[in-house]
Amino acid sequence: MMPLGTVPFGSFVKNVPNGTVPNGIFFYLCNMIPFLSLKEVTELHGAEIEEAVKRVVSSGWYLQGAENERFEADYAQFIGSKYCVGCANGLDALIWIFRAYIELGVMKPGDEVIVPANTYIATILSITENELKPVLVEPKADTLQIDDSKIEEAITPKTRAVCIVHLYGRNAYTDRIGEICRKYGLKLVEDNAQAHGCICADGRKTGSIGDASGHSFYPGKNLGALGDGGAVITNDPDLAAAVRTLANYGSSAKYVFKYMGRNSRLDEIQAAVLDVKLKHLEADNAHRQKVAAMYYEGLRNPLISLPECLPDAQNVYHLFPILVSENKRDELQSYLKENGIETLIHYPIPPHKQECYATEEWNRSQLNLPITEKLAAQELSLPIGPTISADNINYIIDTINRFR
Ligand SMILES: *Cc1c(COP(=O)(O)O)cnc(C)c1O
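Below or above, wherever it landed, is the structure these notes cover. (Residues numbered from 1 in each chain as written. Predicted model: local features only at pLDDT ≥ 70, side-chain atom pairs only at ≥ 80, totals over all residues. Heavy atoms only, no water.)

## Some remarks on the overall build of the protein
- Along the backbone of the protein there are 14 helices and twelve strands.
- Taking 22 Å as the expected radius of gyration for a compact globule of 404 residues, we find that the protein reaches 22 Å, a close match to that expectation.
- Dimensions along the principal axes, computed over C-alpha positions, put the protein at roughly 70 × 55 × 40 Å.
- Every one of the 404 residues in the protein was classed for burial, and the buried ones make up 54%.
- With the model as given, the accessible surface of the protein reaches about 17700 Å², and the carbon-plus-sulfur share is 52%.
- When the 39 basic and 50 acidic side-chain charges of the protein are each reduced to a single mean position, those positions are 1 Å apart. (Helix = DSSP H or I, 4+ residues; strand = E, 2+ residues; numbered from the N terminus. Rg over C-alpha atoms; globule rule 2.2 N^0.38 Å. Buried < 20%, exposed > 50% of the residue type's maximum accessible area, 1.4 Å probe, protein only. Areas by Shrake-Rupley, 256 points an atom, 1.4 Å probe, with all protein chains shown as cover. Lys, Arg positive; Asp, Glu negative; His and termini not counted. Charge placed at Lys NZ, Arg CZ, Asp CG, Glu CD.)

## Topic: the layout of surface pockets
- Its volume calculated, the largest pocket comes out at about 660 Å³.
- In this structure, the largest pocket is lined by 32 residues; those nearest its centre are Y120, Y218, K221, H318 and Y347.
- Broken down by secondary-structure element, the contributors of at least two residues to the lining of the largest pocket are α5 (90–103) and α6 (121–128).
- Looking at the lining of the largest pocket, the element that brings in the most residues is α6, giving four residues. (1 Å grid on protein atoms, 1.4 Å probe; cavity = no way out; pocket = protein on both sides within 12 Å on 5 of 7 lines; lining within 4 Å. Points joined across faces, edges and corners; volume = space filled by probe spheres on them.)

## Overview of the packing of α5 against α6
- Across the interface, α5 lies against α6 with an axial gap of 8 Å and an inter-helix angle of 35°. The two elements α5 and α6 cross, and the hand of that crossing is right-handed. Of the residues in α6, those touching α5 at L91, L94, I95 and F98 are A122, T123, L125, S126 and I127.
- Classifying every residue of the contact of α5 with α6 by side-chain character gives seven nonpolar, two polar and no charged. (Axes fitted to C-alpha atoms, helices over the stretch in contact; angles between N-to-C directions. Left-handed = near helix turned anticlockwise from the far one by under 90°. Contact = heavy atoms within 4.5 Å. Nonpolar A, V, L, I, M, F, W, Y, C, P; charged D, E, K, R; others polar.)

## Brief notes about the nonpolar core
- Counting 33 residues, the largest nonpolar core has W96, F98, Y101, V113, L136 and V243 as its most contacted members.
- Within the residue set of this core, elements represented by two or more residues are β1 (83–87), α5, β2 (112–116), α6, β4 (159–165) and α8 (237–246).
- It is α5 that contributes the most residues to this core, seven residues altogether.
- When sequence neighbours within four positions are dropped, the list of residues in contact with V113 reads F98, I127, L132, K133, P134, V135, A161 and C163. (Core = buried A, V, L, I, M, F, W, Y, C linked by side-chain atoms within 4.5 Å.)

## Re empty space enclosed by the protein
- Tallied over the entire structure, the rule returns two cavities of 30 Å³ or more.
- Within this model, the largest cavity holds a volume of roughly 60 Å³.
- For the largest cavity, the full set of lining residues is L36, V41, P219, G220, K221, N222, K277, D284, R288 and P386.
- Per-class residue counts for the lining of the largest cavity are four nonpolar, two polar and four charged.
- What the second largest cavity holds in volume is close to 40 Å³.
- For the lining of the second largest cavity, the class distribution of residues is six nonpolar, three polar and no charged.

See the structure below:
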């Protein structure tokens, strides 16, 4: 157990008199610095959220109503695109984009989608769910974003789309990606589940750059609901209409079914909550940006490196990943836990190593991904969010800098 010494714990241990925390275990039992306190995140705008929920409860209208309409209009405007279609969750948003392209005849099962290998499984599931084939491309070792110099060599006659992921709330788009998509006539799909409000180098918001983007409102995301939620953003009216139809049983008019869809709707309570939280998103993101700046400024440990950002982007730091060398990641994680700091790993097993993809086809074609695999062994995500205090960040920085 590491001795903690004097830490500014009065600021984050409630109902305990100020003083010195005697040791790690005392601190641990008393109060962890959580990875993210959803309770605090909700309380930050609690009164407004409760008012919005009450309004929906007493309205008697719970699906496909004024709250969805308002949130969709506000979120489309915020991202900077024409259409927003709410749906049940972020995975469905991505599934509906590819499914709509299939229904519209732009893609067919067996076609290929280029996608970063180091993404959350949902990105890959949305492709395989539609019987499309994900073609995994390595990230750059310094930015952890898709390596745009490796996209062109992954293109075959079957390639129909490039799906980029703004991983960790950082812009992944480069002009080169846009040029490749134009040159080969590929759709550009963005997984914007982690990057609400992120701005790329030319000033556009991520989620408005490609042909369509999928958004998640999972509670822990930068724009999070009090349950599941998701949305598709696009400027393409046909795509928007197909997604809206698919997410409502495939119903184009009452009791008329154009596609074999599913029930994948965003409910009115979540839409009302999201509309409240959208108003505060930029302030919440600004807090994350301050936290990230403190980490970049303060973290100094030879065992740790910090991923770089792409030039000129304004990132929203959904997560704060660090890379720990010499197989010391798990050791650092337990050391931080002993010192009252909760961390997570994003992600410990890359998609191509998952049991669900343990098929011969995958094993033959997609096993040479050393950067992705190294990343899975070295990544550790530090606490970050719209409510974490400067004292806590300084304490986390000091604790990490003392690690040997
Ligand atoms: C969270 C997430 C999703 C899926 O969102 P859900 O709302 O949980 O279905 C997809 N892609 C990425 C990169 C995510 O982080």
